[in-house]
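Residue-level listing of the chains:
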Amino acid sequence: MADKPYPSSCDTFVVLPPLTSHKGIIFGKNSDRPRDEVQEVVYFQGQEYPPGSKLKCTYIEIEQVSKTFPVILSKPSWMWGAEMGANDQGLCIGNEAVWSFFEKAEDKEEKLLGMDFVRLGLERGASAKEALTIITELLVKHGQGGPCSDTDPDLTYFNSYIIADKEEAWVLETVGKLWVAEKIESGFRNISNALSIGTKIDLKCADLYDVAKSEGLWDGKEDFNFAKIFGKSNDCAEGRKKCGDDMLAELTVGNQFCIENMLKVLRNKDSNICRGRDHSHPTASSQVSVLSPPENPKPSCHWFTGTPDPSISVYKPFVFTPNVQISHLTVSPVFEPDPAKVLPRFQTTVDRSHPLYKFHKDATSESNPNRNEVISKLRSMEEGCIAEVQAFLDKFEPGQPLSEMDELLKDIVETEIKFYK
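Here's what I pulled together on the structure shown here. (Residues numbered from 1 in each chain as written. Predicted model: local features only at pLDDT ≥ 70, side-chain atom pairs only at ≥ 80, totals over all residues. Heavy atoms only, no water.)

**A look at the sheet that holds strand β13 (residues 203-204)**
Thinking step 1. The strand order β3-β6-β7-β8-β9-β10-β11-β13 describes an open sheet built from eight strands, whose pairing is antiparallel. Edge positions in the sheet fall to β3 (39-44) and β13, since each of these pairs with one other strand and no more.
Thinking step 2. Sheet topology note: the strand β9 (residues 158-164)/strand β10 (residues 169-175) ladder contains five bridges and is antiparallel. Paired with tyrosine 161 across the bridge in β10 is leucine 172.
Thinking step 3. Helix α1 (residues 114-124) rests against β3, β6 (71-76), β7 (84-87), β8 (92-98) and β9 of the sheet, and its axis sits at about 165 degrees to β8. (Pairing = 2+ DSSP bridges. Helix = DSSP H or I, 4+ residues; strand = E, 2+ residues; numbered from the N terminus. Contact = heavy atoms within 4.5 Å. Axes fitted to C-alpha atoms, helices over the stretch in contact; angles between N-to-C directions.)

**Topic: the nonpolar core**
Thinking step 1. Core analysis: the largest hydrophobic core is formed by 90 residues, its most contacted members being Ile72, Ile93, Ile163, Phe224, Phe226 and Phe230.
Thinking step 2. Among the elements that take part in this core, helix α2 (residues 128-142) stands out by supplying seven residues, more than any other.
Thinking step 3. Excluding residues within four positions of it along the chain, isoleucine 72 makes contact with Val41, Val42, Tyr43, Met84, Gly85, Ala86, Phe304, Phe318, Phe320, Ile326 and Leu409.
Thinking step 4. Ile26, Cys385, Phe392 and Phe396 belong to the second-largest nonpolar core, a separate cluster that totals 30 residues. (Core = buried A, V, L, I, M, F, W, Y, C linked by side-chain atoms within 4.5 Å. Buried < 20%, exposed > 50% of the residue type's maximum accessible area, 1.4 Å probe, protein only.)

**Brief notes about the pairing of strand β15 (residues 301-304)**
Thinking step 1. Covered by surrounding structure in β15 are Cys301 and Trp303 together with His302 and Phe304, the residues of both alternating faces.
Thinking step 2. Relative to β15, strand β14 (residues 283-291) runs antiparallel, the two being bridged by four bridges. By the bridge assignment, glutamine 287 is partnered in β15 with phenylalanine 304.
Thinking step 3. Inspection of the sheet shows β15 paired to strand β16 (residues 316-318) by three bridges, in the antiparallel sense.

**What about the sheet that holds strand β2 (residues 25-32)?**
Thinking step 1. If you trace the six strands from one edge of the open sheet to the other, you get β12-β1-β2-β14-β15-β16, paired in antiparallel fashion. Looking along the sheet, the strands with just one partner apiece sit at the ends: β12 (188-191) and β16. Strand-to-strand, the axes of this sheet are offset by a mean angle of 15 degrees, without reference to chain direction.
Thinking step 2. In the packing of helix α8 (residues 371-395) onto the sheet, contacts are made with β15 and β16, and the angle to β15 comes to roughly 170 degrees.

**Some details on the packing of aromatic side chains**
In this description, an aromatic ring pair is defined by two values, namely the gap between the centres and the angle between the planes.
Thinking step 1. For the structure shown, the criterion picks out eleven aromatic pairs.
Thinking step 2. Ring plane angle 70 degrees and centroid distance 5.5 Å describe the contact between phenylalanine 102 and phenylalanine 230, whose orientation is recorded as edge-to-face. With phenylalanine 102 in the loop between β8 and α1 and phenylalanine 230 in helix α4 (residues 226-230), this pair connects stretches of sequence that are 128 residues apart.
Thinking step 3. Judged by its relative accessible area of 0%, phenylalanine 230 falls in the buried class.
Thinking step 4. Between the aromatic rings of tyrosine 209 and phenylalanine 224, the centroid separation amounts to 4.8 Å while the plane-to-plane angle is 55 degrees, which identifies the pairing as tilted. (Phe/Tyr/Trp six-rings, centres within 6.5 Å; stacked < 30°, edge-to-face > 60°.)

**Some remarks on the state of the cysteines**
Thinking step 1. Scanning all chains against the criterion turns up zero disulfides.
Thinking step 2. There is no disulfide at cysteine 57, and the cysteine sulfur nearest it, in cysteine 148, is 14 Å away.
Thinking step 3. You can see cysteine 258 has no disulfide; the closest cysteine sulfur is in cysteine 301, sitting 14 Å from it. (Disulfide = S-S within 2.5 Å.)

**Considering α1**
Thinking step 1. Among the eleven residues that make up α1, eleven are buried, leaving the element largely enclosed by the rest of the structure.
Thinking step 2. Along α1, the positions that sit buried rather than exposed are Gly114, Met115, Asp116, Phe117, Val118, Arg119, Leu120, Gly121, Leu122, Glu123 and Arg124.

That's the geometry; what it means functionally is another story.
As structure tokens, then:
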């Protein structure tokens, strides 16, 4: 949607059983965003709303539903929507920026952002299929568009998604109000910043073929290949996708793929899947979700960095419980506009850094002479946390209270902060 070179951006992955060691689904995503944009990790309780309620998303207002699910989100602090997250139903969603030559002037108008759709799907969907339906219905009704950055008005794009629950996973790809979806039947799947659904289209919008024909993009005789018909070539994204695909193929041999394997993928610098702070579009935050299989009553666990560059960050665990709490240390400050200091749009001067972001940035700075020691200790902290969580899950019995997990994320974040101090 922009003529300038595409920014290097995100990668999302999902691995299905029987390739995983726990025989459930593992979801992972790196969220790559404009440099210095802060990403917060926030929790919202489920709520009920009276008929006729409205919801203000990043740019536009839409109808609110009667009930929402509790969600944990990793989101750019300036927007309503989220890059990735999970809900208490065992649903995970992550999105990718994609570009197409098939764009209209109205595609840059402020509508729903791809990140808004992520949050809407999580707040309203009880399953991957239900979330897919919710997102596509909202897409057709309201459209997608508007600046995807608070500092760059030209950063606009369409979106693709991986939507996964405890039983299945889908890839959803969009161009304007057009969409197609592919059910991931087995194995693994990853997406980067280029359309990837070809001829395997399991669901689609009603007018897809008619639009392709009317625009002279498809003759109705050849196989309908969505990515070929609507996509723009993006060598950077296609290269990262191949590297990710190769790593998943290697790491799933033996059907023992686990959280440590997904972390290895998300921390890979050689492929450009993981990028440091000095990049124009660094990896701002990262998520891994280990979803328990439906027949297993163990809770699913979601891991977030909340800080840039996964290779030097700590993945911290979160489990949904009836009385869950998270720390304010991963939540960005809220700024009320000062009428006496109103700046032109996209010329923001506020510092949205949350405490964890600030402490981590200072401790891992290249100028810190103890940087390598810090990173080594952070990795040891993470390894110990993974082992403790796994031990708890291994011993978990049906009906066992989850109260000791209420402040799991909060405790680990505060431990990390104390380490920096």
